[in-house]
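Chain residues, written in single-letter form:
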Amino acid sequence: MILDNESELERMGAALEASGEYRVLRRLRTPPVAEATADTRMGLFVDVETTGLDPRQDEIIELAMVPFFYRPDGAIVGVGEPFNRLRQPSRAISPEITALTGIDDAMVAGQTIDPDAVAAFAAPAALVVAHNAGFDRRFAERFCEVFTTKPWACSMAEVPWTAEGSEGVKLAYLAMGQGFFYDRHRALNDCYAAIELLSRPLPRSGEVAFARLLASARRSVWRIWAENSPFDLKDLLKARGYRWNADGGAAPRAWYIDVPQEGLEAELAFLRDEIYQQEIDLLRRRIQAFDRYSDRC
């Protein structure tokens with residue numbers, strides 16, 4: 001039997017859930033286009049699909065941007081008209097990337113993305129958000145300079161999904177936890193899914209996810225590099241939350257950690273007493289949302 005009546009399908013889904021024996025996933029629907037109002041600001045959710053993982057040699061093949069409107073308290077009240085374009089790279093798309101993204105050479109043949117159009121679209125945004133901003137920001141900044149002028153936030157790293165009960169931070173996993181599914185790995189669909197997640201209350205605290213993200217984006221942190229730290233103490237650093245910078249570039253190849261202002265002196269004391277066992281002047285830098293997740297850090 002095929003049911004076309006939406007209310008009947010919803011009734012059946014609710015009955016299954018009420019039984020306690022089933023969980024029902026609902027397809028995420030594209031929200032209606034809304035307009036900004038006087039009491040809102042515009043955020044911009046960005047997602048890129050690329051030919052690989054290295055922004056220095058790989059290229060964007062799809063760029064999606066979805067404006068969303070939020071109040072100062074972090075409530076998301078609507079989304080705007082999206083920007084979604086494909087782009088033909090200078091080299092053929094590998095079968096692995098096609099399998100991951102669904103994008104092949106035929107789809108992007110002759111397609112381009114105008115950086116000036118991207119700049120104009122992104123210009124009004126008060127904040128740019130991505131799910132794994134450390135990836136998307138580096139590609140976006142190399143493609144269009146406007147992204148270097150914006151503060152960025154990461155919906156994967158700056159929302160405490162694990163503390164709120166999630167066992168994973170991938171978009172599809174978070175969506176299932178919230179009772180919906182969507183067609184994954186295309187940039188525009190990922191944007192809509194992430195905005196939907198950010199608009200909802202977190203399951204344990206009840207705080208709106210975007211409000212938590214916004215509070216994190218507004219804070220600055222200190223990044224400390226533990227240069228030339230003893231190799232045999234690397235596990236101690238890892239256990240404390242230090243990460244290894246293997247990329248080089250502007251930052252040293254060293255273990256590093258981000259700490260809030262109130263934790264700076266305690267962290268320096270830990271490094272002095274437990275790692276170096278002497279007074280040492282370590283490289284450190286105050287990082288705000290304008291530089292966070294970029295190569296400048």
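Below is a short write-up of the structure. (Residues numbered from 1 in each chain as written. Predicted model: local features only at pLDDT ≥ 70, side-chain atom pairs only at ≥ 80, totals over all residues. Heavy atoms only, no water.)

### Things to note about the overall build of the chain
The condition is simple: Per the convention used, a helix needs a DSSP run of H or I reaching at least four residues, while a strand needs a run of E reaching at least two, with both numbered from the N terminus. Partly exposed describes any residue whose relative accessible area lies between the buried limit of under 20% and the exposed limit of over 50%, with all areas from a 1.4 Å probe on protein chains only and scaled to the type maximum. Here a residue-residue contact requires only that any non-hydrogen atoms of the pair lie within 4.5 Å. Note on areas: Shrake-Rupley, 1.4 Å probe, and residue coverage restricted to the protein chains presented here. None of His or the chain ends enter the tally, which takes Lys and Arg as positive and Asp and Glu as negative. Every charge is mapped onto a representative atom, which is NZ of Lys, CZ of Arg, CG of Asp or CD of Glu.
Looking only at helices and strands, the chain features 10 helices and 12 strands. Projecting the C-alpha coordinates of the chain onto the three principal axes gives extents of approximately 75 × 50 × 45 Å. Out of the 297 residues in the chain, the part that is buried amounts to 44%. For the chain, the share of sequence-separated contacts (at least 6 apart) that also reach a separation of at least 24 residues comes to 66%. Summed over all atoms, the accessible surface of the chain reaches about 16,000 Å², with 51% contributed by carbon and sulfur. Treating the 35 positive side-chain charges of the chain as one cloud and the 45 negative ones as another, the clouds have centres 2 Å apart.

### Looking at the packing of aromatic side chains
Defined as follows: Only rings of Phe, Tyr and Trp enter the pairing, Trp through its six-membered ring, and a pair is recorded when the two centres are within 6.5 Å. The plane angle decides the type: under 30 degrees is stacked, over 60 is edge-to-face, the rest tilted. In this analysis the charged atom, NZ for Lys or CZ for Arg, is taken to sit over a ring once it is within 6 Å of the ring centre and within 35 degrees of the ring normal.
Enumeration according to the criterion identifies seven aromatic pairs in this entry. Both rings, one in Phe68 and one in Tyr70, keep their centres 6.0 Å apart while their planes meet at 40 degrees; by these two values the pair is tilted. Like Tyr70, Phe68 is buried. Relative to Phe121, the ring of Phe83 lies with its centre 5.4 Å away and its plane at 55 degrees, an arrangement referred to as tilted. With Phe83 in strand S5 (residues 83–86) and Phe121 in helix H4 (residues 115–122), the pair connects residues that are 38 residues apart, well separated along the chain. Judged by relative accessible area, Phe83 falls into the buried class, the value being 4%. Linked through ring pairs, Phe68, Tyr70 and Phe210 together constitute an aromatic cluster. Above the plane of the ring of Phe83 lies Arg85, whose end atom (NZ or CZ) is 4.1 Å from the centre. Sitting above the plane of the Phe270 ring, Arg240 keeps its charged end 3.9 Å from the centroid.

### Examining the sheet that holds strand S11 (residues 255–260)
One key point about sheets: their strands pair by backbone hydrogen bonds, in either a parallel or an antiparallel sense. Selection criterion: A pair of strands is labelled paired if DSSP reports no fewer than 2 bridges between them.
Read from one edge to the other, the open sheet built from four strands follows the order S10-S11-S9-S12, with strand pairing classed as antiparallel. Only two strands of the sheet have a single partner each, and these edge strands are strand S10 (243–244) and strand S12 (284–287). Note that strand S9 (residues 221–226) and S12 share four bridges and pair antiparallel. Each residue of the ladder has a partner; that of Ile224, found in S12, is Arg284.

### Section: the environment of Gly177
Note that Gly177 resides in helix H6 (residues 171–177). Distance in space between the C-alpha atoms of Gly177 and Ala289 is 28 Å, their sequence separation being 112 residues.

### Brief notes about a nonpolar patch on the surface
Which entries qualify depends on this criterion: Only residues whose relative accessible area exceeds 30% and that form no salt bridge are eligible for patches; like-charged ones are grouped when within 9 Å, while nonpolar side chains (Val, Leu, Ile, Met, Phe, Trp, Tyr) are grouped when within 5 Å. Salt bridge, as used here: a side-chain nitrogen of Lys or Arg that lies within 4 Å of a carboxyl oxygen of Asp or Glu.
A grouping of Leu25, Tyr173, Met176 and Phe181 is seen on the molecular surface, where their side chains present a nonpolar patch of about 340 Å² in accessible area. In this fold, Met176 is placed in helix H6.

### So, helix H10 (residues 264–276)
Our working rule: By this rule, a helix spans an expected 1.5 Å times one less than how many residues it contains.
In this model H10 runs 17 Å from its N-terminal to its C-terminal C-alpha over 13 residues, within 8% of the 18 Å that 1.5 Å per residue would give. Among the residues of H10, Leu264, Glu267, Leu268, Ala269, Phe270, Leu271, Ile275 and Tyr276 are the ones counted as buried. Each element contacted by the buried residues of H10 is listed here: S9, helix H9 (234–240), S11 and S12. The positive-phi residue at the C-terminal boundary of H10 is Gln277, with phi of around 55 degrees.

### Considerations on unusual backbone geometry
Positioned with a positive phi, Asn132 is a non-glycine residue whose angle comes to about 85 degrees. Here Asn132 is to be found in the loop between strand S6 (127–130) and helix H5 (133–143). Even without glycine at this site, Tyr293 takes up a positive phi of about 75 degrees. Counting through the fold element by element, Tyr293 comes out in the segment after S12. The class of Tyr293 is buried, set by a relative accessible area of 18%.

### Re the nonpolar core
Going by this rule: In this description, a nonpolar core means a group of buried Ala, Val, Leu, Ile, Met, Phe, Trp, Tyr and Cys residues linked to one another through side-chain atoms lying within 4.5 Å.
By size, the foremost hydrophobic cluster in this structure holds 34 residues, and its most contacted members are Phe45, Phe68, Leu127, Val129, Tyr182, Leu198 and Phe210. It is helix H7 (residues 187–199) that contributes the most residues to this core, nine residues altogether. Those residues in contact with Phe210 that sit more than four places away from it in its chain are Phe68, Tyr70, Gly74, Ile76, Leu127, Val129 and Leu198. Core analysis: the next-biggest nonpolar cluster, separate from the first, contains 24 residues, Val118, Ala133, Cys144 and Trp152 among them.

Fair warning: the whole summary comes from geometry, so function is off the table for now.
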